[in-house]
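In case you want the letters, here they are:
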Amino acid sequence: MSRFADIVLPLAQPAYTFAVGEGVQVRVGDAVAVQFGKNAVYTGVVWRLHDTPPAKGTAKPILKVLYDKPLLSELQMRFWEWVADYYICSVGEVMRVALPSIIKAKARCEEEFSEYTPKREVVVLLVAEAFTEDVREKMMRRAPKRYEALCAIENAGGVLPRHLVELDAAALKALCKAGLVEMGERDYKLNSEWSKTLLPKLSDAQSKALKEIRNGLSDKRVALLHGVTSSGKTEIYTHLIEERLSRGEDVLFLVPEISLTTQLVERMRGLFGESVTVYHSKLTPNQRTKLYTDMLSSESGNFVIGARSALFLPYKKLGLVVVDEEHDSSYKQTEPNPRYNGRDAAIMLATLHNAKCVLGSATPSLESFANYLSGKYGYTRLTERYGGVEMPEIVISDTVRNVKRNERKLHFNKELLDGIAERLENNEQVILFQNRRGYSPYMECPSCGWSARCPHCNVTLSAHQQKGRMICHYCGYNEPIQHYCPNCKTGELRPMGFGTERVEEAVAELFPEARVLRLDGDTATSSAAYNRIIGAFARHEADILVGTQIVSKGLDFADVTLIGILNGDNLLASPDFRAEERAWQMIMQVAGRSGRRDKRGEVVVQTAEPTHSIYATIGDYDGVATKLLAERKQFGYPPFVRIVKVTMRSTNQKLLVDASLQLGEQLRNRFGRRVLGPVSPLIDRVRGEWRVELMLKVEVESSFAKARAILRDEIALLRTTKEFRNITIICDVDIL
Ligand code: ADP
Ligand code: ZN
Ligand code: ZN
């Protein structure tokens, strides 16, 4: 028996050595309770067993071995190590995102520490017989909130976990008393059994694509399915999924944002029944933990639909990972560590399991497209929508010309105004897209130029009229909207620019008869609120939907025939090297939401710069991709180099500047001209902390592993200077 164990704790620190007591049975991958620091007992994971005592001090003993089997398999440990190494953080930081919170319990002392035991879940059941037409009618008018809650339970099949019912205890009690609902308890049980199902019959184009994917996967790890929106990519996935499940293998279906998957999960449940498991951060800690432990003790053959954190579940034999909407930037965790990209980590996970990976998108990322061009990925293309629906016409509307001709009214050009009027006339629907929430991004004084700014961040405050407040979109600081300039005391503050709230107001003024809904971070505050808005629009209870990028994702509305992009310019305005790729993907994604079998859709893009090269070739994927790739190559950007952004943060600006200059010099000594900066980012102060950035560019031909190791060493060296120790240093690998 080994005498010592290196144990990973959920901290930004390396593994620590603990002593294995006499008679204690412990295996690699086991969860254990250990004392760390004066007042903390943590759950840790045994990483290595050995006989070497620690160099300094004596090793504390393991307090307790938890659970009856290891929490991690050998393979999961390799995966955590890869994430930590590639994204330059500690394995402990990976542990933080990888394990559900309850399973990694923490306490102040040994007595208070308790191991997770599965709890039954409280659920609310609808009494269908009592929810009659009469009752519905009355409730709709008198108690709309309760009515909506009951509808939500009904839509979920008559039962919902308590925490997903958006009612307070009193309202729920009243509904119980009225005999409309009952409270109950139930076990969530992972059920990986499924019977052979009837899959949709594929069209000729789809069958051909399926065959090409299979061919590609016969000798390659990854295949890219490049299919326009509504070409039936999902149908193709289902065939690949069934194949794997019927062999008893696990399947993981990754989606960028779980709130957007209701339609997808329903479709998959329709085909694969209860074997479909959904895993994401909106589940309760108890549910997540139960899923994790259930899966630990189940055989393989699980089908998981999940957000990126589902990569860390204990798969036994993963056969296939599907990454849907692979271009989506929300696959990347921006905060905190590990700042990993779910798509790229999925490919690594598939490699470890010797599984296959399918990436799907209507607008593949330049990275994935380049991997196809170089022969690394298999590739297949679907250029037509299922059922012969035509791709929409894209109209570029010149804002400057509209202003000159006096044809622009309240942020709307004539092309869009006419288009909306026509759709309202025909009882069709319209989506209006503006990528800013709130009323206006800033308020300015016309006499002295003053504008309200956040006291903690170097940004202007956005006006939110409904809330009556000016809000910082970086830290949440807010104050009442002021009407007169506090600087010169005479000017009347004017809203500058416009967000979704102001678009909604303008629509009400221009088209008073239209019914309008708004979908953005202020209205879709929960997934229930999101579903409510989407549901109402899908049932055609509104004519116009105004929204931020959230409207561009995964939605399918039969009656939408016009999409307006109110300001194409601010999509392109950001100074980062991906601005053009993003704007283009965004427009194409939004465009994919319009049109139907009998009627071609239309997309109107308003811009002050209609001659921008992006618009000339917008519908021609290969053309735009080739042009952008050539530019990336010429100027040294991904996928031709790998970029690590090093952000340094501190409340002490002077110290920060000194430290960043020193790190810059150290890195330049090792990497030469591959180092850029230090520079101040556009927003150089957030939450009271100053920020400085350094950029490291490594050619794909050189060893990235070596570069990362050097970077780690140099940062560690900087930290040996005492006064720099409190500066926060963050590495972001493969920035998006
Ligand atoms: P994508 O994932 O490429 O955006 P979907 O798979 O959502 O496209 O397909 C778009 C629509 O066409 C859906 O309503 C889907 O049910 C329908 N569809 C696609 N392929 C088929 C098929 N082979 N049989 C029946 N319906 C199909
Ligand atoms: Zn003023
Ligand atoms: Zn702020």
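Please read all numbers here as calculations on a predicted model, not as lab measurements.

K.L.:
Tell me about the sheet that holds strand β24 (residues 516-519), and name the residues and values.
P.N.:
If you trace the six strands from one edge of the open sheet to the other, you get β17-β27-β26-β18-β25-β24, paired in parallel fashion. Both outer strands of the open sheet, β17 (393-398) and β24, are each paired with one neighbouring strand and no more. Between one strand axis and the next, the sheet turns through 20° on average, direction left out of account. For strand β26 (residues 560-565) and strand β27 (residues 602-607), the ladder comprises four bridges, and the chain directions are parallel. Residue pairing across strands places I565 opposite V605, the latter belonging to β27. Packed onto the sheet, helix α13 (residues 414-425) meets β17, β18 (429-433), β25 (544-547), β26 and β27 and runs at close to 155° relative to β26.

K.L.:
Tell me about the coordination of the zinc ion (ligand 2), and please be specific about residues and values.
P.N.:
The zinc ion (ligand 2) binds to the protein through C445 (SG), C448 (SG), C485 (SG) and C488 (SG), with metal-donor distances spanning 2.2 to 2.4 Å. For the zinc ion (ligand 2), the four donor atoms are set out with angles of 104 to 117° between them, so the coordination reads as tetrahedral. Positions of the donor residues of the zinc ion (ligand 2), expressed as sequence spacing, correspond to C-x2-C-x36-C-x2-C. A residue is classified by how much of its surface remains accessible, and C445, at 1% relative accessible area, is buried.

K.L.:
So what's going on with the site of ligand 1? Residues and values would help.
P.N.:
Contacts to ligand 1 come from 13 residues, most closely from K201, S230, K233, T234 and E235. Contacts to ligand 1 include K233, whose backbone N or O atom sits 2.9 Å from an oxygen atom. Note that an oxygen atom of ligand 1 is positioned 2.8 Å from one of the side-chain N or O atoms of T234. For ligand 1, the accessible surface in isolation is 560 Å², of which the surrounding protein chains cover 74%. Among the elements that make up the shell around ligand 1, the one with the highest residue count is helix α7 (residues 233-246) (three residues).

K.L.:
Got a sec to walk through the packing of aromatic side chains? Specific residues and values, please.
P.N.:
Overall, the coordinates contain 19 aromatic pairs when judged by the stated rule. A ring pair is formed by Y86 and Y87, whose centres lie 4.9 Å apart and whose planes are at 75°; its orientation type is edge-to-face. One aromatic cluster in this structure is built from F369, Y372, Y379, W584 and Y621. The cationic tip of R136 hangs over the ring face of F131; the distance from NZ or CZ to the ring centre is 4.2 Å.

K.L.:
So, empty space enclosed by the protein: which residues are in play, and what are the values?
P.N.:
Applying the stated rule across the entire model yields two cavities of 30 Å³ or more. Estimated volume of the largest cavity: approximately 50 Å³. The leading source of residues in the lining of the largest cavity is helix α1 (residues 74-86), at four residues. Of the residues that constitute the lining of the largest cavity, the class distribution is eight nonpolar, two polar and no charged. Split by domain, the lining of the largest cavity shows at least three residues from each of two domains, domain 1 (3-112) and domain 3 (204-387).

K.L.:
Residues and numbers for the domain arrangement of the chain, please.
P.N.:
The domain boundaries assigned to the chain delineate domain 1 (3-112), domain 2 (120-187), domain 3 (204-387), domain 4 (391-437 + 499-630), domain 5 (440-497) and domain 6 (641-733). Each of domain 3 and domain 5 has a C-alpha centre, and the two are 44 Å apart.

K.L.:
How would you sum up the sheet that holds strand β10 (residues 222-227)? Please name residues and give values.
P.N.:
A sheet is described by the order of its strands in space; here seven strands give the open sequence β12-β13-β11-β14-β15-β10-β16, paired in parallel fashion. On the outer flanks of this sheet lie β12 (276-279) and β16 (378-382), each paired with one strand and no other. Taking each pair of neighbouring strands and ignoring which way they run, the sheet shows an average axis angle of 15°. The sheet contact formed by β10 and β16 spans five bridges and is parallel. Along β16, the bridge assignment pairs L224 with Y379.

K.L.:
Help me get a handle on the coordination of the zinc ion (ligand 3), residues and values and all.
P.N.:
In the first shell of the zinc ion (ligand 3), the protein supplies C454 (SG), C457 (SG), C472 (SG) and C475 (SG), at 2.2 to 2.4 Å from the metal. Taken together, the four donor atoms coordinating the zinc ion (ligand 3) span angles of 106 to 112° at the metal, a pattern that classifies the geometry as tetrahedral.

Calculation notes
Residues numbered from 1 in each chain as written. Chains lettered and ligands numbered in written order. Predicted model: local features only at pLDDT ≥ 70, side-chain atom pairs only at ≥ 80, totals over all residues. Heavy atoms only, no water. Pairing = 2+ DSSP bridges. Helix = DSSP H or I, 4+ residues; strand = E, 2+ residues; numbered from the N terminus. Axes fitted to C-alpha atoms, helices over the stretch in contact; angles between N-to-C directions. Contact = heavy atoms within 4.5 Å. Donors = N, O, S within 2.8 Å, 3.2 Å for Na, K, Ca; no water. Tetrahedral: all angles 85-135°; square planar, octahedral: opposite > 155°, others 65-115°. Buried < 20%, exposed > 50% of the residue type's maximum accessible area, 1.4 Å probe, protein only. Near = heavy atom within 4 Å. Polar contact = N/O pair within 3.5 Å; in protein donor to acceptor, adjacent residues only side chain to side chain. Areas by Shrake-Rupley, 256 points an atom, 1.4 Å probe, with all protein chains shown as cover. Phe/Tyr/Trp six-rings, centres within 6.5 Å; stacked < 30°, edge-to-face > 60°. Lys NZ or Arg CZ within 6 Å of the ring centre and 35° of its normal. 1 Å grid on protein atoms, 1.4 Å probe; cavity = no way out; pocket = protein on both sides within 12 Å on 5 of 7 lines; lining within 4 Å. Points joined across faces, edges and corners; volume = space filled by probe spheres on them. Nonpolar A, V, L, I, M, F, W, Y, C, P; charged D, E, K, R; others polar. Domains from an automatic or database assignment.

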